[in-house]
Structures are given as structure tokens and as C-alpha cells.
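Coordinates in review
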Amino acid sequence: MFNRLSRICRLSSRRWVLIFFGLVSLCSSARALEDPSGLSELPVGDSPDPISAPYFPDRVHEFIWRNWEAVPAEKLAKILGATVEQITEIAVSMGLPEKPEVPSRMLERGYVGLIRRNWHLLPYDQLLELLEMTPDRLNVMLREEDFLWIKLGRRKPACPPLRYEPPDAMAQNRAAEIRRLVEKEFGEALSNQGEPRFDFVRQLSQPLPEEDLETPTEKTDSFRRIVYSYVAVYGDPLMRPELDPYPDGLLQRIACVGVNGVWLHAVLRDLAPGGETFPEFGEGCETRLANLRELVKRASGYGIRVYLYFNEPRAMPLSFFEGRSEMAGVKEEHLQALCTSHPKVRKWMGDALAFIFREVPDLGGVYVITASENLTNCASHGDWKSCPHCVYRGDSEILAEVVAVIEEGVHRGNPEARVLISDWGWKGHGDAREIIPLLPKAITLMSVSEWNLPIERGGVESLVGEYSISSVGPGPRSLPHWKAAREQGMGTGAEIQFNNTCEIASLPYIPVMDLVAEHCSNLLAAADLDAMLIGWTMGGYPSPNIAVAKRLCQDPAPAVDSVLDSVALERYGPDGAPLARRAWRILSEAYREYPFHISVVYTSPVQMGPANPLYLTKTGYSATMWGLPYDDLKGWRGPYPPEILAQQFEKIAKGWKPGLDLLEEAVSKTPESLRGEARSDLRLAKAAAIHFQSVANQTRFVMSRDQLSEGGSSFSEEEQSRLKEVMRDSLESEMELARELYNLSKEDSRIGFEPSCHYFYLPLDLVEKVINCRWILERIGP
């Protein structure tokens, strides 16, 4: 077990990191899969003490503040055992508006953010009341919705029940201080109506005017450009058609920027019956398939094909294998693989896929990862030798056999469907060419373009081990894999992102079009591709970045400059376009300084920017993956020394500034009919710069705080004064950034959002950051 964990831990990808954390987390949720029906079965981990915000009068005030613009006051009152009047009185005493704007869709579309902001405030029973969920539903969500339990750190703080008590004089005085500060720093801005959160769903769902529509190109354009929906809700979307993952307006918009494929996460046992072998499979499949047919039909009207994303066969609870021990494969705590060495497992997979593609014959195909975070085949996590049925087989043989079963089943149901197979995770993300000759010829081999690309940032050398826009591929893994696939007569495709990546995913896209164009041009010169998966859960917004990529993928390929000029002209008009082009070039060059590393993109505060609180003393919490950064500088920085990390993010922010100035001038010269989209580009570029500078600020604050704490009296007065000055400068800058980002986020409901993580922050969190920083400044002293 520990040898296996050591091997996995050394791998650099998101999914393999998730595997490691997932194995550890299962130890703390030992009975969660066996009996998820009760409150006591929810995972708790080591259940540490929660972190409270000492700048609030007490936890009740903190709870009301954090949820005031996210949860109706009636529900807050019910949870606390108070009246609406009592709750409102506390809110108003801190300067909050008496009647806040609460998004009506927050519960159904923003529940991940609600969980995150209340993780340190509510025990599970009150959290369930807030979310209107059963323990079973939350348990499934924590385990399966993009590994939320891992994003929360695999530990539930031991929060005592939260109950209303009338504020005492000290609490009232502190609340009044907060109110005065808020009024001074933000004035009437808190009461001004901004764009409601999730308003982008409404905007993207509205049909485009007829004159803006383009003729569908699916029948003539065989090159696949596939994205994920910016408005989809993770989970089981085919059972909730009211939460349409691909409304017509979105399909129109992504078609207009050249997208002709979309993917949808699916679980095989939910879409097809299991026959005599697995009679419990297939419940609700008729409903799901009917909704899938409707989606496929609508998408085809815009020249878009639908692809199902599979990790199969999914592992099952141990109890599933009672009477089926011959099918049990690799075990990971309370999950066990359905061993694909058993012919009945392979037959079910093939029959289920054939069934789906017969029932929905117009499906575009499948996109498959066979070595992902989900335990599937016995080689999916590298431990096949612990399976008695696979011990004498090789991982290449097992993985190739799974691909063959999938390809045969899909093509038995529909010979025209495409089978896109990712090499993600094969051979620990190393050279996996030995697998390729074993694969069926009728597939398209997908590979992340920039993987293993060597980079140097701030004198620190590293390798790219995730999607990256700042590091322009292709890299030394994908090219030989594609060449080997072509030699075998297979199709080839790039997994690549043009809008955003984990480098900064809380914005829908960043205007670094020159980097996008350079990557596309490199690919066209170096590889003969049939497809591009151009968006993981992030990255599917209909943007000018994707429009650039589409135009460069034409045959024959046009000149890069002519494509960039044409997109700029369409977006900014004849007077604004030259300025926009210069701005894109400057932003792209600055972005090359990004200090890329898995630790940085997963755990640093880059997704939250100035919304991440600062702490006067160490919290003791480790940063979580794409969840809660805390103050874990050691976790944030990866191989970069703290000052180098700060310098690199500051280089981007400072290098961004002249580009922002040019973009602002471009917007001023854009025709009024185009100015809305031009302003959108400017807002997002400004928000990105704020995020980058904030990471530099937070790094320097924590570095100086820790040095003061660890050095103590050994430092001279002069050195202590210098460190405190760094902290003060960081705090002052963070307050300024928080105010700027507050105004931008009020204008744009997309800022702070990512489809699988929902809102990393809400505008009110930025007001809290000012309170947070001012409180620390008062304790550092002048």
C-alpha cells in the first residue's frame, strides 16, 4: 500500500494527485460507502478545530456576514433559532444592506461555494439544513462531484452548533466599528445593484438574433473542436433537464466561435441495463436516454455533436461483490474494481455501449480516460499486480484491452461514432508508446499537447504537468505519441485549453490571444491532428480565444497575424483593433512569466485572489486542491523559493499594466455596437492582474509573518521593523485590490466562477477582506 502511494505521489498530474489524496481520505470515511444514510456516516477526517475570523464580533456575526448575499434571511434565522428581524438587525449593524440581493439559483447552481464558505462555521446537521440536502446526497456529492471532499482538505472542522444570542455590548461596539469602516471604504456601493450572480446563465441561454447566426459547419468540417459547458451543473444532468447543460443560446454561441462538439460526463451503469450479470444497473436509464436524445437533436441543429465522457468500468462498494468474488479486482479501501480480466465484465461494457449508441444513434462518440482519478480497471491506478486475476498481466495489455472493449461496443452500436481515447495517466504520464500498437486502429488517440514541456521561471527549472497556456506546446510526450498513433493508422487529437487553465480558472477567459495563436500554429506545423478537446470543466466559454483557434485550424492555414487582425477588427472595430492587437501581445508576453507548477496552480490563492483572507498567526491548515488556500505558503510554492514566487506573479501584474492601458484605449475607440464585448475583455484582464498581484502580496505577507514568528527576539529591531513594513505594505495593497475587484465583480457575474467549483468568491467576500486587513494592521501597529 505505502509503496503504491509513494509511486502515485511522485506523479505530477491533477488526477494522480487526486488518487493519492482520495486513498488517504477513504481512511477517514471508512463507512461512507457502505451505509451513507445517516449523519454519522459523513466523513470527518481528523476533525480539527475550526478557524474563526477574529475581526468579527463572534461566529454568529461571521455566519450572517458570509451568507447575507447568498442565503435568504429566513433560512439564516431558522438555522440560528432566531427571527428574521434579529438576523437583519445584526446584518445592518455591520453595514450590510437591509434587503440584500440573494441569487435565486444559488442553492441549485452554487452549492459548492455554500459548502466552502460554511465549512468552518456549521456542523454537518446545520450545513445540511442550509443546503436542503439529505446526508446521503451530501455524502455522494463529497465523494463523486469532482472530488469535493479532497477540495475541502479531507477534514471537516469540528464546528459546535451555532445558535443566536443577543449581541452583548462588546459585540455591538465591534459591529459598529465594522459598519463605520465599510461605509468609509465602500460608501453606497454595497447598496447599489450589480449584475446578479449566475446572470451569465440567463445571458448565454438567450437565443442570438438571426443575423448573428452562422451556417452549421458540422457536415463539412470533420475536424473536431470539443468543449464542456460553462453553465452545466456537475452530477447527473440527464436526470434534471431543468438544469439544461446546453441551452440553445449557448449552443448558438459556441457554434459561432467554431465549436462543433460538446462533452457530457456519464456513468455507464446509469445509461444502460446490466442484464442478468448486473440486474441492479440501469435504473432511470430510460429517462436519461430520452433527455440525451433531445439534447443530441438540439445540438445537431447547430452543427454540434455530443460526446459522452466515460471512466469505466466504475469501481463498486465491497458489498457489490458478494456472490461475485470472481469479478472483484484491485481494492482501494471500501471500493473495488470490476476486473476487466473477467469476460462477463467486458461483455457488459461492450453490450452497454452498443445499447446506448443504438438508442441514441446520432451521438458523436465517446471521450475516454482509462487511468483517471476514478478507480476503474485494475491498471487505472497502477496497482494491477494486487489483483489475483491481473497479477501476471501487464498494464499495457490491460489498458489496451479496455480500449478495445469500448471501441467494439461503440462501433457495434454505431460504426460512424468517434472513439477518442486519452493517454492521460498511462505509464505515470511518461513514455507510453508501447501501449499504442496494442490499441484498435479505429480510435483517435488524444494527448495533452504541452505535457512534459521543460520550462524555466525566475531561474527555477520545471516540467509542465498540467494544462498550461503560459507554456506553449507541443511538448516531448504528445509528439512521439501522435507519431506512433499515425504509424498505426489511428487518428490523433490534442487535449488543450485556450480560454483558461488551472493557472487562473476563476475567470472565463484571459485575452492572451498571441499565446493561443502560437500554440495552434506550432501544432499545425508539427502534428497532423483530427480533433481538439479544448476545454476541461473550465474553458468552455464562447470566447475570442476559441475563435482564433478555429480560424487557425483551417486548411490551408491562414497567417497568424491575419487571423489575429481579423478577430481584433470584428471585436474592436477599425480604430480599436490595432490597439487591441498591441495589448494582446503585451499581455501574452507578460503571461510567459507564470511560475508554473502543480502546487502553484492547485493550491496557491491564484483562484481566489484578494478574496482569500490573511491570518495574523498560523492556521496550521494545509492548502487544499482548488478549494481553500489558507496561509500554507509552503504548500503554495512548489519548487519556487517564496520571494521568487512573489516576484514572478508581480512580474506578470506589472507586465500586464501597459497592456491594460492599451486595451482601455482600444475600448474607448470601439464602436458603441461592439463596446459591450470589448469592455468584457478589459474587465477580465483587469481582474486577472489583480489576482496575480494578490498572490505576490499574500506570499510576502505570510513569508514575513512566519519569519517574525520563528525568529522572535533573535531579530534586531531594525529587522523586525522591516518585516512589519512588508506586512503593512502587503495589507495596504490587498485592500486596494479588494476594492478594485469588488467593483469589477459587481459588474460581471462571471468573475470568480468556475463550472465545477462554482463561485470561488462573491463580491461581499472582498468587502470582508478589507475588514480583515484593517484589523491586522491595527495589531501590527504603525
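Here the structure is shown first, and the text comes after it.
Described below are features of the structure shown in this document. (Residues numbered from 1 in each chain as written. Predicted model: local features only at pLDDT ≥ 70, side-chain atom pairs only at ≥ 80, totals over all residues. Heavy atoms only, no water.)

**A few points about the overall build of the chain**
Going by this rule: Segments assigned H or I by DSSP are reported as helices when at least four residues long, segments assigned E as strands when at least two residues long, and all are numbered from the N terminus. A radius of gyration in this sense is built from C-alpha atoms; the matching globule rule multiplies 2.2 Å by the number of residues raised to 0.38. Note on classification: 1.4 Å probe, protein chains only; a residue is buried when its accessible area is under 20% of the maximum for its type, exposed when over 50%, partly exposed between these limits. Contacts are assigned to residue pairs with any non-hydrogen atoms lying within 4.5 Å of each other. Per-residue and other accessible areas were derived by the Shrake-Rupley procedure at a 1.4 Å probe size, with only the shown protein chains allowed to occlude residues. Neither His nor the chain termini are counted; the positive set is Lys and Arg, and the negative set is Asp and Glu. All charge positions are set by atom: Lys at NZ, Arg at CZ, Asp at CG, Glu at CD.
Within the chain, the regular secondary structure consists of 27 helices and 15 strands. On C-alpha atoms alone, the chain measures out to a radius of gyration of 26 Å, which is about the 28 Å that the 2.2 N^0.38 rule sets for 782 residues. Counting only C-alpha atoms and orienting by the principal axes, one finds that the chain spans roughly 75 × 65 × 55 Å. A total of 782 residues make up the chain; the buried ones form 63% of that total. Of the contacts made within the chain by residues no fewer than 6 positions apart, 77% connect residues no fewer than 24 positions apart. Summing over all exposed atoms, the chain offers an accessible surface of approximately 28400 Å²; the carbon and sulfur share of this is 50%. Here the chain holds 86 positive side-chain charges and 109 negative ones, and the gap between their average locations is 2 Å.

**Section: helix H21 (residues 560-591)**
Inclusion rule: For a helix, the expected span equals 1.5 Å multiplied by the residue count minus one. A residue's bend is given by the angle between axes fitted to the 7 residues ending at it and the 7 residues starting at it.
The end-to-end C-alpha distance of H21, which contains 32 residues, comes to just 19 Å, noticeably less than the 46 Å that a straight helix rising 1.5 Å per residue would cover. Its maximal kink placed at Gly 573, H21 deviates by approximately 125°, while the proline Pro 574 follows within four residues.

**Examining the packing of aromatic side chains**
The condition that has to hold: Classification of ring pairs uses Phe, Tyr and Trp, with its six-membered ring standing for Trp, and accepts pairs whose centres are within 6.5 Å; under 30 degrees between planes counts as stacked, over 60 as edge-to-face, and the remaining range as tilted. Distance and angle both matter: a charge sits over a ring if NZ of Lys or CZ of Arg is within 6 Å of the ring centre and within 35 degrees of the ring normal.
According to the stated counting rule, one finds 38 aromatic pairs in the structure shown. When the centroid spacing of 4.7 Å and the interplanar angle of 50° are considered together, the rings of Phe 200 and Phe 753 count as tilted. Remark: Phe 753 occurs in strand E14 (residues 753-754) and Phe 200 occurs in helix H12 (residues 199-205); sequence separation between them is 553 residues. By the burial criterion, Phe 200 is buried, and Phe 753 matches it. When the centroid spacing of 5.3 Å and the interplanar angle of 65° are considered together, the rings of Phe 753 and Tyr 759 count as edge-to-face. Of the two residues examined, Phe 753 and Tyr 759, each falls in the buried class. Three or more aromatic residues joined by ring pairs form one cluster here, namely Phe 198, Phe 200, Tyr 230, Tyr 509, Tyr 541, Phe 753 and Tyr 759. The ring of Tyr 621 has Arg 155 lying over it, and the distance from NZ or CZ to the ring centre is 4.8 Å. A cation sits over an aromatic face here: Lys 156 above Trp 119, 5.0 Å from the ring centre.

**Notes on the sheet that holds strand E3 (residues 305-310)**
Note the following rule: Only strands joined by at least two bridges in the DSSP assignment are considered to pair. A fitted line through C-alpha atoms represents every axis, and for helices the fit uses only the stretch in contact; the resulting angles, taken between N-to-C directions, go from 0 to 180 degrees.
With parallel pairing, eight strands are arranged side by side around a closed barrel as E1-E2-E3-E7-E8-E9-E12-E13. Averaged over neighbouring strand pairs, the angle between their axes works out to 25° when direction is ignored. Inspection of the sheet shows strand E1 (residues 224-227) paired to strand E13 (residues 531-533) by three bridges, in the parallel sense. Residue pairing for E13: Arg 225 is matched across the bridge by Met 532.

**Describing the packing of helix H7 (residues 111-118) against helix H8 (residues 124-131)**
To be explicit about the condition: Orientation labels follow simple angle bins: below 35 degrees gives roughly parallel, above 145 gives roughly antiparallel, 65 to 115 gives roughly perpendicular, and whatever is left gives oblique. By the definition used in this description, the sense in which the near helix is turned from the far one sets the handedness, with an anticlockwise turn below a right angle giving left-handed and a clockwise turn giving right-handed.
Where H7 meets H8, the axes come as close as 11 Å, and the angle between the chain directions of the two elements is 150°. The pairing of H7 with H8 is recorded here as roughly antiparallel in orientation. Every pair of crossing elements has a handedness; the one defined by H7 and H8 is right-handed. Taking contact as the criterion, the partners of Tyr 111, Leu 114, Ile 115 and Asn 118 in H7 are, on H8, Leu 127, Leu 130 and Leu 131.

**So, the pairing of strand E8 (residues 418-422)**
With four of five residues buried, E8 is to be regarded as a mostly interior element. Relative to E8, strand E7 (residues 365-369) is paired through five bridges, and the arrangement is parallel. The partner of Val 366 across the bridge, within E8, is Val 419. Across three bridges, the pairing between E8 and strand E9 (residues 444-448) is parallel. Bridge pairing in E9 links Ile 421 to Leu 445.

**Topic: the environment of Glu 276**
Looking at the secondary structure, you find Glu 276 in the loop between helix H14 (268-271) and helix H15 (285-300). Exposure remark for Glu 276: the relative accessible area of 83% places this residue in the exposed category. With 500 residues separating them in the primary sequence, Glu 276 and Ile 776 have C-alpha atoms 65 Å apart.

**Side note on the nonpolar core**
Rules: Residues belong to a common nonpolar core when they are buried Ala, Val, Leu, Ile, Met, Phe, Trp, Tyr or Cys residues joined through side-chain atoms within 4.5 Å.
Counting residues in each nonpolar core, the largest one holds 275 residues, and the members touching the most others are Tyr 591, Trp 656 and Phe 692. Residues contacting Trp 656, with those up to four places away along its chain left out, are Val 512, Leu 587, Ala 590, Tyr 591, Ala 685, Ala 688, Ala 689 and Phe 692.

**Structural notes on the side chain of His 265**
Filter applied, for reference: Here a polar contact is recorded for every N or O atom pair within 3.5 Å, except that within protein the pair must consist of a potential hydrogen donor and a potential acceptor, and residues adjacent in sequence are included only if both atoms are side-chain atoms.
Relative to the assigned elements, His 265 resides in strand E2 (residues 261-265). By relative accessible area, His 265 is classed as buried at 16%. Among the polar contacts listed, one links the side chain of His 265 to the side chain of Arg 314, at a separation of 2.9 Å. Apart from the residues lying within four places of it in its own chain, the contact partners of His 265 are Tyr 234, Gly 235, Tyr 309 and Arg 314.

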